[in-house]
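So the chains spell out like this:
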Amino acid sequence: GGACPTIVSHAVPVPPSAIGRVIGSRGANLRTLRTRSGCDVEMPRDEDESGRRLLHLTGTPAAVRRGQELLQGLLLRRGGSVEAYWEEVSLKGEAPPDAAAAGGPPPPPPA
């Protein structure tokens, strides 16, 4: 066996100030996040006491990691349009950045 890919789920809290940016016009950014990362993206309407909402990323570990990177970029972006951000990400290529250059942990070897 072992042919079944591992599916993981990860929830990222989104602060109230960033909810609109993360969702986008009529959910456009959630859709883009889904297509770019390859993972399923859900954002239930329930908020915690500080107004944050959880964004759930579900998919293979690589897709979820990619979704987290894209989401972090979106959350950290202060100025400029979100469209410009997606453009930048496109220009960098769809492959995840070199982990050594990014200062992150090395990716796990393929199973």
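Check the entry above for the structure.
Residues numbered from 1 in each chain as written. Predicted model: local features only at pLDDT ≥ 70, side-chain atom pairs only at ≥ 80, totals over all residues. Heavy atoms only, no water.

Turning to the overall build of the protein, a few remarks are in order. Along the protein, the regular secondary structure elements total 5 helices and 3 strands. Out of the 111 residues belonging to the protein, those deemed buried represent 31%. Once local pairs closer than 6 in sequence are excluded, the contacts in the protein between residues at least 24 apart make up 60%. (Helix = DSSP H or I, 4+ residues; strand = E, 2+ residues; numbered from the N terminus. Buried < 20%, exposed > 50% of the residue type's maximum accessible area, 1.4 Å probe, protein only. Contact = heavy atoms within 4.5 Å.)

The next point concerns unusual backbone geometry. Phi is mostly negative for residues that are not glycine, and the peptide bonds are mostly trans. The backbone of arginine 26 shows a phi angle near 55°, a positive value even though the residue is not glycine. Position of arginine 26 relative to the elements: it lies in the loop between helix H1 (16-23) and helix H2 (28-37).

Pairs can form between side chains of opposite charge whenever their charged atoms are close. Under the counting rule described, the total for this entry stands at 3 salt bridges. In this structure, arginine 34 engages aspartate 40 in a salt bridge whose closest nitrogen and oxygen atoms are separated by 3.8 Å. We note a salt bridge from aspartate 48 to arginine 52, for which the minimum N-O separation is 3.1 Å. (Salt bridge = Lys/Arg side-chain N within 4 Å of Asp/Glu carboxyl O.)

Further remarks concern the side chain of asparagine 29. Tracing the backbone shows asparagine 29 in helix H2. When sequence neighbours within four positions are dropped, the list of residues in contact with asparagine 29 reads Arg21, Val22, Ile23, Gly24, Val82 and Trp86.

Here leucine 55 is to be found in strand S3 (residues 53-59). Overall, the relative accessible area of 0% leaves leucine 55 in the buried class. Separated by 12 residues in sequence, leucine 55 and methionine 43 place their C-alpha atoms 4.6 Å apart. Excluding residues within four positions of it along the chain, leucine 55 makes contact with His10, Ala11, Val12, Val14, Val22, Leu30, Leu33, Val41, Glu42, Met43 and Leu71.

With 22 residues, the main nonpolar core has Val14, Val22, Leu33, Leu55 and Leu57 as its most contacted residues. Listed by contribution, the elements that provide at least two residues to this core are strand S1 (8-14), H1, H2, S3, helix H3 (61-76) and helix H4 (82-92). Looking at which element gives the most residues to this core, the answer is H3, with 6 residues. (Core = buried A, V, L, I, M, F, W, Y, C linked by side-chain atoms within 4.5 Å.)

The terminal C-alpha atoms of H3, which comprises 16 residues, lie 22 Å apart, in line with the 22 Å expected from a rise of 1.5 Å per residue. Of the surrounding secondary structure, the elements contacted by the buried residues of H3 are S1, H1, H2, S3 and H4. (Expected span 1.5 Å × (residues − 1).)

Moving on to the pairing of S3. The side chains of a regular strand alternate between the sheet's two faces. Of the two faces of S3, only one is covered, namely that formed by Arg53, Leu55, Leu57 and Gly59; the face formed by Leu54, His56 and Thr58 stays uncovered. The sheet contact formed by S1 and S3 spans 7 bridges and is antiparallel. Within the sheet, the bridge partner assigned to histidine 10 lies in S3 and is leucine 57. Bridging between strand S2 (residues 40-42) and S3 involves 3 bridges; their strand directions are antiparallel. In the sheet register, valine 41 faces S3, and the bridge partner there is leucine 57. (Pairing = 2+ DSSP bridges.)

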